[in-house]
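Examination of the molecular architecture
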Amino acid sequence: MCRDMYILFGPPGSGKTVQARFLSQRLKLDGISWGDIYWGTKFNKKYKGQIAVIKKEAISDRTRSKEIAKIIDKEIGSLTLRNKGGKRGLVLDGFPRRLGEARLLLKICKKRGYRIKSLIRINPSLDFSANRFKKRLFCEKCRAYYDELNLPKKKGRCDLDGGRLSHMDISKESVAKEFNTYLDECLETFEYLKDYADIFFDVTGDDEDMVISSNILIKIKNRIRENYSLFSRKPSTSIMTKYGSFKLVPYQSRLDYSYHLALVKGNVRDGKRVLVRVHSSCITGDIFGSYMCDCGEQLEESMKRIEHEKRGVLIYLFQEGRGINMINKIQAYRLQRNGYDTVDANEAIGFPAEMRDYRLVKEVLEDLGVKTIRLLSNSPEKINKLTDQGVIIEEMVGVEVEPRKWNRGYLLTKKEKMGHKLDVS
Ligand SMILES: [Zn+2]
Ligand SMILES: [Zn+2]
């Protein structure tokens, strides 16, 4: 019999262990968490010698990976013994991290009768990850952690060993360091395992745990395999603009021949922390300079900033009026004149407030060699949607523009109803 293996990836602070637990409960599967083995008291006794070796800084990554894989293999072995004819599969988290570990895992799968059913990558933005980390309580003895969904039985004390719980004093810089180590190790590993997995996908980590877990289940049910490319790159050129020179790269959809544009500044092929603006077209704002919204000014500001850094990408998506078309947008404006706000107006004419599609973004960034970004945006919703597509966001860079008397109401709605980070009142 061949059992299914689900593997969860995610940086520290992504909540992957919590998600692994949810998933194994929902699908009635076994669960093995490398974090639990590494930090937990129970396993620390069982694998005392080996874990002491793994914790040594002096050993090579290769040796460390081998030792970790041995423990994982043993744990999986004991599961298959315990569950003869029992559970159909296993949820694994925290392993494999390095590429060598992925190779070892394939051997373990073969030996123990598993196939890789699903690779799930939880993808929070760095800011969100850091916040989640700060909220956690850590046991001073065993480093086990607790949060809102996993409260200790006795307040302030660890369930495992009664150790004192405290907030870890951790700076954003050290979370960033952990985040980057994770990226260095896991990006490659995830890509490598894709060839062996039945399905693989990203989910945003910028959300409540319960939302993330239902998102994971939905994507598993829909059997998402996110390696198809929907857009193809067409020949590019350079243009000089009033902000500076940019390379203009068009991308065309293979489905409906619609197209979108990327304006590229400088060398982005090295790939990390690239300043990126994802801008949805707004004819009234971008072309006519309308003050009914702030799109035109945001576009201008973004191009200025990218030019200033001499490096960055502006992705211009042709999707008018947050994904509703121009005629509907004008109708929505008419309603706004009668006292509706931008969210209510869209809903009144039968559209959700936000129906933009960001699938192209990941493809464009991958095509350009960009691995992680600093996103020029005020919208947490946009971050959520992009991370859900697998875009890795290290920072949110605000693009605030001066409110005008014609768009103050519009900006206020964005702030209050759509959670935008704006300084308007
Ligand atoms: Zn403890
Ligand atoms: Zn606009």
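Now for a quick tour of the structure. Because the structure is a prediction, the values reported are computed rather than measured.

**Describing the nonpolar core**
Counting residues in each nonpolar core, the largest one holds 44 residues, and the members touching the most others are Met 5, Ile 7, Trp 34, Ile 37, Ile 72 and Leu 119. Sequence-distant contacts of Met 5, that is, excluding residues within four places in its chain, are made with Ile 76, Leu 90, Leu 92, Leu 105, Cys 109, Tyr 114, Arg 115, Ile 116, Lys 117 and Ser 118. Within the second largest apolar cluster, 27 residues are counted, among which are Val 249, Tyr 251, Val 276 and Leu 386.

**Notes on the coordination of the zinc ion (ligand 2)**
At this site the zinc ion (ligand 2) is bound by Cys 282 (SG), Cys 293 (SG) and Cys 295 (SG), with donor distances of 2.1 to 2.2 Å. In the primary sequence, the donor residues of the zinc ion (ligand 2) line up as C-x10-C-x1-C. Placement of the pair is Cys 282 in the loop between β13 (274-280) and α10 (283-287) and Cys 295 in helix α11 (residues 295-309), with a sequence separation of 13 residues. The exposure classification of Cys 282 matches that of Cys 295, with both residues buried.

**Description of helix α9 (residues 209-221)**
For α9, which comprises 13 residues, the first-to-last C-alpha distance of 18 Å matches the rise-based estimate of 18 Å (1.5 Å per residue) to within 8%. Among all positions of α9, only Asp 209, Ile 212, Ser 213, Asn 215, Ile 216, Leu 217, Lys 219 and Ile 220 are buried. Buried-residue contacts for α9 involve β1 (3-9), α1 (16-26), β4 (114-123), α7 (126-135), β8 (199-204) and α15 (380-388). Phi turns positive one or two residues past the end of α9, at Arg 223, with a value near 50°.

**Some words on a positive patch on the surface**
Judged by side-chain charge, Arg 26, Lys 28, Arg 88 and Lys 221 come together as a positively charged surface patch. With respect to the secondary-structure elements, Arg 26 resides in helix α1. Residue classification places Arg 26 among the exposed residues on the basis of a relative accessible area of 56%.

**Structural notes on the pattern of salt bridges**
As enumerated under the stated definition, the model contains 32 salt bridges in all. Between Asp 198 and Arg 223 there is a salt bridge; the shortest N-O distance is 3.3 Å. In this pair, Asp 198 is assigned in the loop between α8 (172-194) and β8 and Arg 223 in the loop between α9 and β9 (231-233), connecting sequence segments 25 residues apart. Since its relative accessible area comes to 46%, Arg 223 is described here as partly exposed. Asp 294 serves as the salt-bridge partner of Lys 414, at 3.2 Å between the closest nitrogen and oxygen. Taken as a pair, Lys 414 in helix α16 (residues 408-418) and Asp 294 in the loop between α10 and α11 lie far apart in primary sequence, 120 residues in all. The same class applies to Lys 414 as to Asp 294, namely buried. The network of salt bridges with shared partners includes Asp 61, Arg 64, Arg 97, Arg 98, Glu 101 and Glu 185.

About the cut-offs
Residues numbered from 1 in each chain as written. Chains lettered and ligands numbered in written order. Predicted model: local features only at pLDDT ≥ 70, side-chain atom pairs only at ≥ 80, totals over all residues. Heavy atoms only, no water. Core = buried A, V, L, I, M, F, W, Y, C linked by side-chain atoms within 4.5 Å. Buried < 20%, exposed > 50% of the residue type's maximum accessible area, 1.4 Å probe, protein only. Contact = heavy atoms within 4.5 Å. Donors = N, O, S within 2.8 Å, 3.2 Å for Na, K, Ca; no water. Helix = DSSP H or I, 4+ residues; strand = E, 2+ residues; numbered from the N terminus. Expected span 1.5 Å × (residues − 1). Patch = residues over 30% accessible without salt bridge, like charges linked within 9 Å, V, L, I, M, F, W, Y side chains within 5 Å. Areas by Shrake-Rupley, 256 points an atom, 1.4 Å probe, with all protein chains shown as cover. Salt bridge = Lys/Arg side-chain N within 4 Å of Asp/Glu carboxyl O. Lys, Arg positive; Asp, Glu negative; His and termini not counted. Charge placed at Lys NZ, Arg CZ, Asp CG, Glu CD.

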